[in-house]
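Understanding the architecture of this molecule
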Amino acid sequence: MTAQKFELLFQEAYNKLNQEQKAAVDTLDGPVMVIAGPGTGKTQILSTRIANLLYQSVADPENILCLTYTEAGAIAMRKRLHELIGAGSKNVSIHTFHSFCNKVILENPGVFNTFSEFSIADKLDEYEILDSILLKMASSNTLFRPDQNYKSILGRILGLFQTVKKENWNVEELKLDIRKVIDDLEFQPQFIYKRKTGKFEKGDLKIRELKIEELKFQQTISALELYKEYNDQLRVNGLLNFNDLINNVIREFGNNNDLLSTYQEKYQYILVDEFQDTNGSQLDILNLLSSYWDNPNLFVVGDSDQAIYRFQ
């Protein structure tokens, strides 16, 4: 297919956009946020904007980075973009956050030299490592079980660890925050009698309920105290998980200005699909990549009503 034919296909796609979508596609520079519901053509907007950047000669394909939430999303974006610009679509970087960070690691073996020794952990690997740690716990630990059966809590603790990694939280700061919550529990209305109840007077503490709630938070702290050993054991076994890929790139971008500058210079236009699902570590990647400019060319598309994280 000729270049002229692809341009005609692009123009047809552009003409199908509504006024607001065209405004988003035509805003070539500076930050842009598009809020759109399901079935409103978010992939179409992103692919058409990328094509417009290229047809307007604003950027070369190599200078564009498009980040999506899933591999399926990346494949769909690549296919749609190929329909609009042809073979040039191969030179546009379209990745999930994980695959982008893996690309950075593979492109910089001197910086990330230890990663060649590691493989990605599967669920069974992580369960076995955590279980071995729990089995060595002291009886004074709030997570300790006399029967040494920890199957019921393995998933919850690993879920906590994954959240810490996804949000790139500092574990020590998190433990301090939880202790502050514990100290504040006795002042919370749900733990204070509103009226005289049996032997308890109005204003008395609901001691039993308070102790149950305190134990939950103490167990969370106990789980977080296992976090370092869990990660150490992953390394000993030559394992990493997907979130480690992102967090290690965040660390190196933060410590190695030459490395960060290389990718800031390369990717002058950054687009993000399903932005509502961006977690803390992914947002850190975006902030680092765009931090050089006062008004970065950052284009994000999402739907707040479809956020998968309850706290958002």
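Structure report, in brief.

What counts and what doesn't
Residue positions are counted from 1 within each chain, in the order its sequence is given. The predicted origin of the model limits local features to residues at a pLDDT of at least 70 and limits the giving and counting of side-chain atom pairs to 80 or more, whereas totals for whole chains, interfaces and linings rest on all residues. Each side-chain value is worked out from all heavy atoms of the structure, with water and hydrogens disregarded. Each residue is assigned to one of three classes by its accessible area relative to the maximum for its type, calculated with a 1.4 Å probe on protein chains only: buried under 20%, partly exposed between the two thresholds, exposed over 50%. Each helix is a run of DSSP H or I of at least 4 residues and each strand a run of E of at least 2, with the numbering of both proceeding from the N terminus. Strands qualify as paired when DSSP identifies two bridges or more between them. If the strands point away from the viewer and the path from the first strand over the helix to the second runs clockwise, then the crossover is right-handed. Lines fitted to C-alpha atoms define the axes here, with helix axes fitted over just the stretch in contact, and angles between the N-to-C directions of these axes take values from 0 to 180 degrees. Reported orientations rely on four angle classes, namely roughly parallel under 35 degrees, roughly antiparallel over 145, roughly perpendicular from 65 to 115, and oblique for the rest. Less than a right angle of anticlockwise turn of the near helix away from the far helix marks a crossing as left-handed, whereas a clockwise turn marks it as right-handed. It only takes one pair of heavy atoms within 4.5 Å for two residues to be counted as in contact.

Some words on the pairing of strand E6 (residues 269–272)
- On E6, burial covers both faces: Tyr 269 and Leu 271 on one face and Ile 270 and Val 272 on the other are all buried.
- Taken together, the four bridges between strand E2 (residues 64–68) and E6 define a ladder with parallel strand orientation. When the sheet's bridge partners are listed, Leu 65 is paired in E6 with Ile 270.
- As paired strands, E6 and strand E7 (residues 298–302) are joined by three bridges and run parallel to one another. In the strand pairing of E7, Leu 271 is matched with Phe 299.
- Taken together, E6, helix H13 (residues 280–290) and E7 constitute a β-α-β crossover, and its handedness is right-handed.

Considerations on the packing of helix H2 (residues 19–26) against helix H3 (residues 42–55)
- At a minimum axis distance of 8 Å, the contact between H2 and H3 shows a crossing angle of 40°. One way to sum up the angle between H2 and H3 is to call them oblique. Considering only the axes of H2 and H3, their crossing is right-handed. Side by side, H2 and H3 meet where Gln 21, Ala 24, Val 25 and Asp 26 of the first sit next to Ile 45, Thr 48, Arg 49 and Asn 52 of the second.

Structural notes on the sheet that holds E7
- The strand order across the open sheet built from five strands is E1-E7-E6-E2-E3, with neighbouring strands paired in parallel fashion. Each having just a single partner strand, strand E1 (32–35) and strand E3 (93–96) make up the two edges of the open sheet. Direction aside, neighbouring strands of the sheet carry axes that sit 15° apart on average.
- Each of E2 and E3 is contacted by helix H4 (residues 71–85), which is oriented at about 160° to E3, the strand it contacts most.
- This element, H13, spans E2, E6 and E7 of the sheet and lies at about 165° to E6.

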